[in-house]
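Each chain, written out:
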Amino acid sequence: MGVTGAVDAVGVILDGLRRLEYRGYDSAGIVLVEGTGSSGGGGPARLWRARQAGGTKSVARLAEEVSGAPADATAGLGHVRWATHGRPTAANAHPHLDCTGRLAIVHNGIIENHLELSAELRQAGHAFSSETDTEVVAHLLEEALASVPPGSGSGPGPSALAVAVRAALSRVEGAFALAVVHDGEPDLLVGARRVSPLIVGITEDGGLLASDIPALLGRTRHLYALEDDQVVEVRPGSLQVTDLGGRPVEPRPLRVDWDLEAAEKGGYDDFMAKEIHEQPLAVRETLLGRHLPDGSLMLDEMRLSGAELRDVDKVFIVGCGSSYHAAMVAKYAIEHWARLPVEIDIASEFRYRDPVLDRRTLVIGISQSGETVDTLQALRSAHRCGSKGLVVTNVVDSSMARESDAVLYTRAGPEIGVASTKTHLAQIVALEVLALYLGQLRGTLSPDAIAELLDAMRALPDQLEEVLRRGPDVARVAEGVAGARDFFYLGRHVGYPVALEGALKLKELSYLRAEGYPAGELKHGPIALIEPGTVVVGVATRTRLWEKLMSNLAEVKARGATVVLVVNDGDEETAAQADAVCPVPRTRPLFSPVLDVVPLQFLAYHLARSRGLDVDRPRNLAKVVTVE
Ligand code: M6R
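By convention here, each chain's residues receive numbers from 1 onward along its written sequence. Owing to the predicted nature of the model, reporting of local features is limited to residues with pLDDT of at least 70; listing and counting of side-chain atom pairs is limited to 80 or more, with chain, interface and lining totals taken over all residues. Where side-chain values are given, they derive from all heavy atoms of the structure, hydrogens and water being excluded.

Now for the overall build of the chain. Helix numbers and strand numbers start at the N terminus; a helix is a DSSP run of H or I with at least 4 residues, a strand a run of E with at least 2. When its secondary structure is counted, the chain shows 21 helices and 25 strands. For the chain, whose C-alpha radius of gyration is 26 Å, the value lies close to the compact-globule estimate of 25 Å for 628 residues. Referenced to the eigenvectors of the C-alpha coordinate spread, the extents of the chain come out at roughly 85 × 55 × 45 Å. Burial classification: accessible surface area is computed with a 1.4 Å probe over protein chains only, and a residue below 20% of its type maximum counts as buried, one above 50% as exposed, and the rest as partly exposed. Of all 628 residues assigned to the chain, the portion counted as buried reaches 59%. Only the protein chains shown count as cover for residues, and all accessible areas are computed by the Shrake-Rupley method using a 1.4 Å probe. On the chain, roughly 24,000 Å² of surface is accessible, and the fraction owed to carbon and sulfur atoms is 48%. Neither His nor the chain ends contribute to the count of charged residues, in which Lys and Arg are positive and Asp and Glu negative. The atom standing in for a charge is NZ when the residue is Lys, CZ when it is Arg, CG when it is Asp and CD when it is Glu. A gap of 4 Å separates the mean positions of the 64 positive and 83 negative side-chain charges of the chain. To get the radius of gyration, use the C-alpha atoms; to get the globule rule, take the number of residues to the power 0.38 and multiply by 2.2 Å.

See below:
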């Protein structure tokens, strides 16, 4: 967040950071523009910075450190970081400075082309002091400021800093919400956004920037939401918004009647609803920067060489709960695209069954938290057998990330609801990128095929937005089956893990009996349980075994089950077999789990709420399971 013109810049920033604490973070930092206050005496302004990497204690530690901060600061920036690029250390915490130390930046999002930019900037003599993608923007701004004509920013004309921000952003690809200060224009905050949200608040004699509404609540009613590719100049009591070309645009006022609790939940009733609606962003961010201009794919911390990975002759994937379901989808993708044999294991069983592992085996661990003890121990036991380890996790520097040979991060942001939603979708997407990566290395996929598949993946966030708009329709489907006690979830091929995930969501949230089955297995026993009143939820989008699935569904319908189907848009033939349908857009079969699972999240959510249950904190469950 950023503050200018406030009486107590330090207090306002720290208070804002505390209000963002609910999201979880690993480090925090603050920069103050010294000499801008009433006692500044007109001398040259300077930047004062403090940063702490103390997990959830970071803001408290920062508060102790700022007792030594300049008392006359009236402008500054603060940030709580959830690491994506670079470990959660003080050196990686924001704000980041340029080489001169006169400019500071805080940033949310991902600079997709940071490797290319940092190589260019290093070549030009810039010294980097962190492992973050953000720091490239500080140095780009330094370059851009040096090219701004002298005199800009010293009078009523255009601000030199805003000119530099617009110039620097024309080089940047990816997602950002950023705020910048420079000691040459000490009362000015410049903010900009693309994809990641940024809010502006104006008071009579001050101005505020924040990534989320809670930080600004109660400070002012004059709030504005910046749109994509807009730049805002905030001075005490005023704001000016332009597009990236410098043309003025009218700021969009934001009306907020929420209290702090509602604001933390983004206006939704609970974190689960908020996180379901954050899924397009989670998928978009997980995909950012994976495809380099030379056509190669990029993971995050790849400590395994191409030669080592080409040597792999077998893959095991381990995980628990929703992460295991993501592993199931990954098996289809890796076998199909990379032509490598894949075994999947529930992590708590893996190390007790004496799997055949050697140095040519790649063991992939999937864990949102990176701390689940069953998965951690499974990876450790594989490591002891000489296997290579790769982790897909949402938490940078988690135990699994630290101990593995390679890491692929999902960038879903912190997930507070106990039920996995956005992290599960991000896992599927990340694993499918990994499958493409292995296909590329092994030469089983052509560059054209990879580019085409990535295009289809990049369409997923917009398709997810469409599925989210249909949430109220699923609420009506839920009303129709609200009295039922027994649910079967059926799917085939990649629809099978979706069915398991749908059943898990229903069990954990609504405490109703729900079983997930590969539909072809039903006739080998479970069909005996089907009777009038049983609800059968089928994942009936057009994947490979659609016809066979339809025959299996006819069998349950004939026995009186109520049939709810996830179908593709416009598929009347499938819809005609159902008592109720949840349509989703079409995508390639291997990507369909990303869309198909969302109506099932909604179904579980609405059924749980209709039973008066707390969807964020279901009974008997913990978000991170650190016991065996
Ligand atoms: O943090 P992890 O992904 O390792 O957690 C594994 C499971 O406990 C987790 O996926 C759990 O099944 C979900 N929260 C259920 O929604």
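What follows continues from the structure just given.
The split of the chain into domains comes from an automatic or database domain assignment. In terms of domains, the chain is made up of domain 1 (2-264), domain 2 (289-458) and domain 3 (469-610). If you average the C-alpha positions of domain 1 and of domain 3, the two centres end up 46 Å apart.

The next thing to look at is the sheet that holds strand β23 (residues 535-539). Strand pairing is assigned whenever DSSP identifies at least 2 bridges connecting the two strands. Overall, parallel pairing links the five strands, which are arranged β22-β21-β23-β24-β25 in an open sheet. Edge positions in the sheet fall to β22 (513-518) and β25 (580-584), since each has one partner strand and no second. Taken pair by pair, the neighbouring strands of this sheet meet at an average axis angle of 20 degrees, ignoring direction. When β23 meets strand β24 (residues 562-568), the two strands line up parallel, connected through five bridges. Considered in β24, the bridge of valine 536 is made with valine 563. Relative to the sheet, helix α18 (residues 495-510) contacts β21 (486-491), β22 and β23, its axis offset from that of β22 by approximately 175 degrees. A fitted line through C-alpha atoms represents every axis, and for helices the fit uses only the stretch in contact; the resulting angles, taken between N-to-C directions, go from 0 to 180 degrees. Should any heavy atoms of two residues lie within 4.5 Å, those residues are considered in contact.

For the rest of this paragraph, the subject is the packing of α18 against helix α21 (residues 592-610). Running from N to C, α18 and α21 cross one another at 20 degrees; their axes reach a closest spacing of 9 Å. Our classification of the angle between α18 and α21 gives roughly parallel. Crossing geometry of α18 relative to α21 is assigned as right-handed. On the side of α18, the interface is formed by Val498, Glu501, Gly502, Lys505, Leu506, Leu509 and Ser510, while α21 contributes Pro593, Asp596, Val597, Leu600, Ala604, Tyr605, Leu607 and Ala608. Across the contact of α18 with α21, the residue classes break down as ten nonpolar, two polar and three charged. Each angle is binned into one of four classes, with values under 35 degrees roughly parallel, values over 145 roughly antiparallel, values of 65 to 115 roughly perpendicular, and all other values oblique. Less than a right angle of anticlockwise turn of the near helix away from the far helix marks a crossing as left-handed, whereas a clockwise turn marks it as right-handed. Just so you know the grouping, Ala, Val, Leu, Ile, Met, Phe, Trp, Tyr, Cys and Pro go in nonpolar, Asp, Glu, Lys and Arg go in charged, and all remaining residues, Gly too, go in polar.

Working definition: residue near molecule or strand if any one of its non-hydrogen atoms lies within 4 Å of it. Near the ligand there are 14 residues, and of these Ser323, Ser367, Gln368, Thr372 and Glu508 occur at the shortest range. The separation between an oxygen atom of the ligand and a polar side-chain atom of threonine 372 is 2.5 Å. Listed by contribution, the elements that provide at least two residues to the shell around the ligand are α10 (321-338) and α18. Classifying every residue of the shell around the ligand gives four nonpolar, eight polar and two charged. Looking at the shell around the ligand, you find at least three residues from each of domain 2 (289-458) and domain 3 (469-610). Here a polar contact is recorded for every N or O atom pair within 3.5 Å, except that within protein the pair must consist of a potential hydrogen donor and a potential acceptor, and residues adjacent in sequence are included only if both atoms are side-chain atoms.

Attention now moves to the sheet that holds strand β11 (residues 223-225). Spatial strand order, β3-β2-β4-β1-β10-β9-β11-β14: eight strands in an open sheet with antiparallel pairing. Across the chains shown, the open sheet's two edge strands, defined by having one partner strand only, are β3 (46-52) and β14 (252-254). When the angles between neighbouring strand axes are averaged without regard to direction, this sheet yields 20 degrees. As defined by bridge partners, strand β9 (residues 199-202) adjoins β11 across three bridges and the pair is classed as antiparallel. Each residue of the ladder has a partner; that of valine 200, found in β11, is tyrosine 224. Contacts from helix α1 (residues 9-19) reach β1 (2-4), β2 (27-34), β4 (75-81) and β10 (207-210) within the one sheet, and its direction differs from that of β4 by about 20 degrees. Across the face of the sheet, helix α2 (residues 58-65) comes into contact with β2, β3 and β4 while running at roughly 140 degrees to β3.

This part covers the nonpolar core. Here, nonpolar core refers to any group of buried Ala, Val, Leu, Ile, Met, Phe, Trp, Tyr and Cys residues whose side-chain atoms link them within 4.5 Å. Ile364, Phe487 and Tyr489 are the most contacted members of the largest nonpolar core, which totals 88 residues. Residue assignment places this core across two domains, with domain 2 (289-458) and domain 3 (469-610) each supplying three or more. By size, the runner-up hydrophobic cluster in this structure holds 34 residues, among which are Ile30, Leu32, Ala210 and Ala263.

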